[in-house]
Amino acid sequence: MKKQANVGFIGAGGFISAHHLVTANESESLNIPAIADLNEETLQLHQDCKKLICQVTRTARSGEQLESDVECAEKLSLLSLKYPNIIGGIADDLVIYLGYNYSVKDVQAIRAALKKHNDKLDLYGVVYARELDHENIPRVAPCLDAVNLWLDRKSDLAEFDLILEKCLGRFPGKKIMLAQLVGKQREIIVGVVIFTRKCGL
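Just so it is clear, the structure is predicted and the values come from calculations on it, not from any experiment.

Conventions adopted
- Residues numbered from 1 in each chain as written.
- Predicted model: local features only at pLDDT ≥ 70, side-chain atom pairs only at ≥ 80, totals over all residues.
- Heavy atoms only, no water.
- Helix = DSSP H or I, 4+ residues; strand = E, 2+ residues; numbered from the N terminus.
- Buried < 20%, exposed > 50% of the residue type's maximum accessible area, 1.4 Å probe, protein only.
- Core = buried A, V, L, I, M, F, W, Y, C linked by side-chain atoms within 4.5 Å.
- Contact = heavy atoms within 4.5 Å.
- Axes fitted to C-alpha atoms, helices over the stretch in contact; angles between N-to-C directions.
- Parallel < 35°, antiparallel > 145°, perpendicular 65-115°, else oblique.
- Left-handed = near helix turned anticlockwise from the far one by under 90°.
- Nonpolar A, V, L, I, M, F, W, Y, C, P; charged D, E, K, R; others polar.
- Arc of directions from axis to C-beta.
- pLDDT = per-residue confidence, 0-100.
- Pairing = 2+ DSSP bridges.
- Phe/Tyr/Trp six-rings, centres within 6.5 Å; stacked < 30°, edge-to-face > 60°.
- Lys NZ or Arg CZ within 6 Å of the ring centre and 35° of its normal.

Peer 1: Is there a simple way to think about the environment of Trp150 in this case?
Peer 2: Position of Trp150 relative to the elements: it lies in strand β7 (residues 146–151). On the accessibility criterion, Trp150 (8% relative accessible area) is buried.

Peer 1: Whenever I open this one, the nonpolar core confuses me. Can you help?
Peer 2: Nonpolar side chains tend to gather and get buried jointly when the protein is soluble and globular. The biggest cluster of nonpolar side chains holds 39 residues, and the ones touching the most others in it are Leu43, Ile86, Leu149 and Phe171. If we ignore the near neighbours within four places in the chain, the residues touching Leu43 are Leu38, Leu52, Cys54, Leu79, Tyr83 and Ile86. Val126, Ala146, Trp150 and Ala179 belong to the second-largest nonpolar core, a separate cluster that totals 9 residues.

Peer 1: Looking at this structure, how should I read the packing of helix α3 (residues 69–82) against helix α5 (residues 104–114)?
Peer 2: Each pair of packed helices can be described by the angle between their axes along with the distance between the axes. Running from N to C, α3 and α5 cross one another at 20°; their axes reach a closest spacing of 7 Å. Put simply, α3 runs roughly parallel to α5. When you trace α3 past α5, the crossing you get is right-handed. Residue-level inspection shows Asp69, Val70, Ala73, Glu74, Leu76 and Ser77 of α3 in contact with α5, the latter providing Ala109, Ile110, Ala113 and Leu114. Class assignment for the residues of the contact of α3 with α5 results in 7 nonpolar, 1 polar and 2 charged.

Peer 1: What exactly am I supposed to notice about α5 here?
Peer 2: Buried residues of α5: Val107, Ile110, Ala113 and Leu114, and no others. Each buried residue of α5 sits inside an arc of 125° when the element is viewed along its axis, so together they form one side. Residues of α5 that are buried sit in contact with α3, β5 (86–91), α4 (94–97) and β6 (122–128).

Peer 1: So what exactly am I meant to see when it comes to the confidence of the model for the chain here?
Peer 2: Do not read the fine detail of predicted coordinates wherever pLDDT is low. Looking at the chain as a whole, the pLDDT averages 76, with 68% of positions reaching at least 70. The low-confidence segment residues 185–201, where pLDDT is below 50, has 66 contacts with residues more than four positions distant or belonging to other chains.

Peer 1: Looking at this structure, how should I read the pairing of strand β4 (residues 51–55)?
Peer 2: Working note: regular strand, side chains alternate between the two faces of the sheet. By the criterion of burial, β4 is predominantly enclosed, with 4 of the 5 residues buried. Here 4 bridges tie β4 to β5, and the two strands are oriented parallel to one another. Within β5, the position partnered with Gln55 by the bridge is Ile90.

Peer 1: In this structure, what is going on with the packing of aromatic side chains? I would like to understand it.
Peer 2: Each aromatic ring pair is specified by the distance between its two centres and by the angle formed by the two planes. Using the criterion set out here, one finds 1 aromatic pair in the structure. The interplanar angle of 40° and the centroid separation of 6.4 Å between the aromatic rings of Tyr128 and Trp150 together place this pair among those described as tilted. Taken together, the positions of Tyr128 in strand β6 and Trp150 in strand β7 put the pair 22 residues apart, joining distant regions of the chain. Relative accessible area serves as the criterion here: at 17%, Tyr128 is assigned to the buried category. Above the ring of Tyr128, the side-chain terminus of Arg130 is found at 4.5 Å from the ring centroid.

What follows is the structure, encoded as structure tokens:
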């Protein structure tokens, strides 16, 4: 029996390589989600992606965001009706910026706006493996539908099973999307994301 792997690409500062995404999207054994900045041009460029997650907050955005985060989330909610491959929105660096750039009420408002016109959309939050013991985790967890867990250090690979077990404990019942830093190209950080199920791999 052929098992399909759910793999995607993410790039900070300039988005993913369109060439790599198109090539991978032709594979019968890959189900491709991509992560993009929220604008019509990008959505049209990647409308053939099977699954698309869009940035809905200013933090770490590669392009300019004129709307507030809440307005941006509601905009994505509306656009998802036009682009059915959109499965959610993502907020970067929530853990370290909670209490500075964001409050819990801010994140709750973003999530509510994201689901306003399409309650099937999920709010993803970027969490680094090294942040799983951070004091803000218990405050962030209830606000998210899914976690984008980043393994950005070499040592994370050796401790992967322990990290995943800890993440499942910190975010019980949440979807987990794994991400591995694979290198830099022209100042663009390139990573690979792998979807997992709610209870693990």
